[in-house]
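Observations on the model geometry
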Amino acid sequence: MIQPLAYIHPQAKIADNVVIEPFVTIHKDVEIGEGTWIGSNVTIMDGARIGKNCRIFPGAVISAVPQDLKFGGEYTTAVIGDGTTIRECVTVNRGTSDRQETRIGKNCLLMAYVHIAHDCKIGDNCILANAVQVAGHVTVDDWAIIGGTSAIHQFVSIGAHVMVSGGSLVKKDIPPYTKAGREPLSFVGINSVGLRRRGFDSEKINQIQEVYRILYMKNFNTTKALDIIEADITPTEERDEIVNFIRNSNRGIMKGFSSN
């Protein structure tokens, strides 16, 4: 169903059963999957690739050109995965020559006023609460939850199953399965509640806790802690994911909390 007061470029590719409300603007190089709903006053610009059964609420702008002075007009895209909900006034910029695309995964929820800058990669099943601001080149892995009004520095990586406290300034990488809070942002434990909800058993959760005890509670430097983890803890998918994330961190990981 397409309202007559919407503007849709004749070359845009709109699948069956897409609902487009009044005053929507859809540019030429746009693809929208079946079952998606586009609310009033949404603007979808060239390069947008929107999946099936998405919901995009009024005022959102998808695939605007990057807010990057180095952008030279190169062909790039902004990809929205199936089942993702984008609430009011969210902005998602398309990529630059760095990654060629900005990508939001499947079944995500981006609450009102979230900004996703150029070349970001957001995994599946992520939740970004109201007014989270994500700078360019950021990676957020599956099942991460970012609390409202948090700001994420460019090039930061946030691991899978992470929970970040509302109002946080995220300047360093956040390893998988952790909770991040306080100021400056620090390790405050593992996300055990979230892990249980997603089917992790007690053995896996206990092993993840032991990894982070060595990393954050034993006063080792990061290199020494990783060596001990690899020597003393049985290899599992979760252990290796944590170790590989930290070894590949370009910005360095968040520190443990100190009262000093």
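Residues numbered from 1 in each chain as written. Predicted model: local features only at pLDDT ≥ 70, side-chain atom pairs only at ≥ 80, totals over all residues. Heavy atoms only, no water.

1. Observations concerning the UniProt feature "domain: Mannose-1-phosphate guanyltransferase C-terminal" (unreviewed entry) in the protein chain
Those places that UniProt annotates as "domain: Mannose-1-phosphate guanyltransferase C-terminal" (unreviewed entry) correspond, in this numbering, to residues 3-94. Secondary structure across residues 3-94 comprises 0% helix and 36% strand; the distance between its end C-alpha atoms is 26 Å. (UniProt positions renumbered as here; feature names shortened; annotations may be inferred. Helix = DSSP H or I, 4+ residues; strand = E, 2+ residues; numbered from the N terminus.)

2. A word on the nonpolar core
Core analysis: the largest hydrophobic core is formed by 69 residues, its most contacted members being I44, I116 and I158. Looking at this core, the elements that each hand over two or more residues are β5 (30-32), β8 (48-50), β11 (77-80), β27 (186-190), α2 (202-217), α3 (222-232) and α4 (237-247). Ranked by residues supplied to this core, first place goes to α2 with seven residues. Each of domain 1 (7-137) and domain 2 (195-256) gives at least three residues to this core. When sequence neighbours within four positions are dropped, the list of residues in contact with I44 reads T25, I26, H27, V30, I32, I38, I50 and I62. (Core = buried A, V, L, I, M, F, W, Y, C linked by side-chain atoms within 4.5 Å. Buried < 20%, exposed > 50% of the residue type's maximum accessible area, 1.4 Å probe, protein only. Domains from an automatic or database assignment. Contact = heavy atoms within 4.5 Å.)

3. Concerning the domain arrangement of the protein chain
For the protein chain, the assigned domains are domain 1 (7-137) and domain 2 (195-256). Just the C-alpha atoms count here: the centres of domain 1 and domain 2 sit 34 Å apart.

4. Focus on the UniProt feature "domain: UDP N-acetylglucosamine O-acyltransferase C-terminal" (unreviewed entry) in the protein chain
The feature "domain: UDP N-acetylglucosamine O-acyltransferase C-terminal" (unreviewed entry), as given by UniProt, occupies residues 173-254 in the numbering adopted here. Overall, residues 173-254 shows 54% helix and 11% strand. The separation of its end C-alpha atoms is 6 Å.

5. Side note on the sheet that holds strand β14 (residues 101-104)
Strand order in this open sheet of eight strands is β2-β5-β8-β11-β14-β17-β20-β23, and the pairing throughout is parallel. Lying at the two open borders of the sheet, with one neighbouring strand each, are β2 (13-14) and β23 (157-158). (Pairing = 2+ DSSP bridges.)

6. Focus on the pattern of salt bridges
Inspection of every chain in the model, using the stated rule, returns eleven salt bridges. Across the salt bridge formed by E31 and R49, the nearest N and O atoms sit 3.7 Å from each other. Separated by 18 residues along the polypeptide, E31 in strand β5 and R49 in strand β8 bring together distant segments of the chain. Judged by its relative accessible area of 32%, E31 is partly exposed. (Salt bridge = Lys/Arg side-chain N within 4 Å of Asp/Glu carboxyl O.)

7. Considering the sheet that holds strand β7 (residues 43-44)
Spatially, β1-β4-β7-β10-β13-β16-β19-β22-β25 is the arrangement adopted by the nine strands of the open sheet, whose pairing is parallel. Both edges of this open sheet fall to β1 (7-8) and β25 (169-170), since each of them pairs with a single strand only. Across two bridges, strand β16 (residues 115-116) lies against strand β19 (residues 133-134) in parallel orientation. The partner of H115 across the bridge, within β19, is Q133.

8. Focus on α2
By the burial criterion, the buried members of α2 are I205, Q207, I208, V211, Y212, I214, L215 and Y216. Once α2 finishes, N219 follows within two positions and takes phi at roughly 65°, a positive value.

9. Some thoughts on α4
Within α4, the full set of buried residues consists of E238, R239, I242, V243, F245 and I246. The buried side chains of α4 occupy one side of the element, clustering within an arc of 160° when seen end-on. Taken together, the buried residues of α4 touch β23, α2 and α3. (Arc of directions from axis to C-beta.)

10. Considerations on the packing of α3 against α4
Close contact between α3 and α4 brings their axes to 11 Å; oriented N to C, the two are set at 155°. In terms of their interaxial angle, α3 and α4 are classed as roughly antiparallel. The handedness of the crossing between α3 and α4 comes out as left-handed. Here T222, L226, D227, I229 and E230 of α3 lie close against α4, whose contacting residues are R239, V243, I246 and R247. When its residues are assigned to classes, the contact of α3 with α4 shows four nonpolar, one polar and four charged. (Axes fitted to C-alpha atoms, helices over the stretch in contact; angles between N-to-C directions. Parallel < 35°, antiparallel > 145°, perpendicular 65-115°, else oblique. Left-handed = near helix turned anticlockwise from the far one by under 90°. Nonpolar A, V, L, I, M, F, W, Y, C, P; charged D, E, K, R; others polar.)

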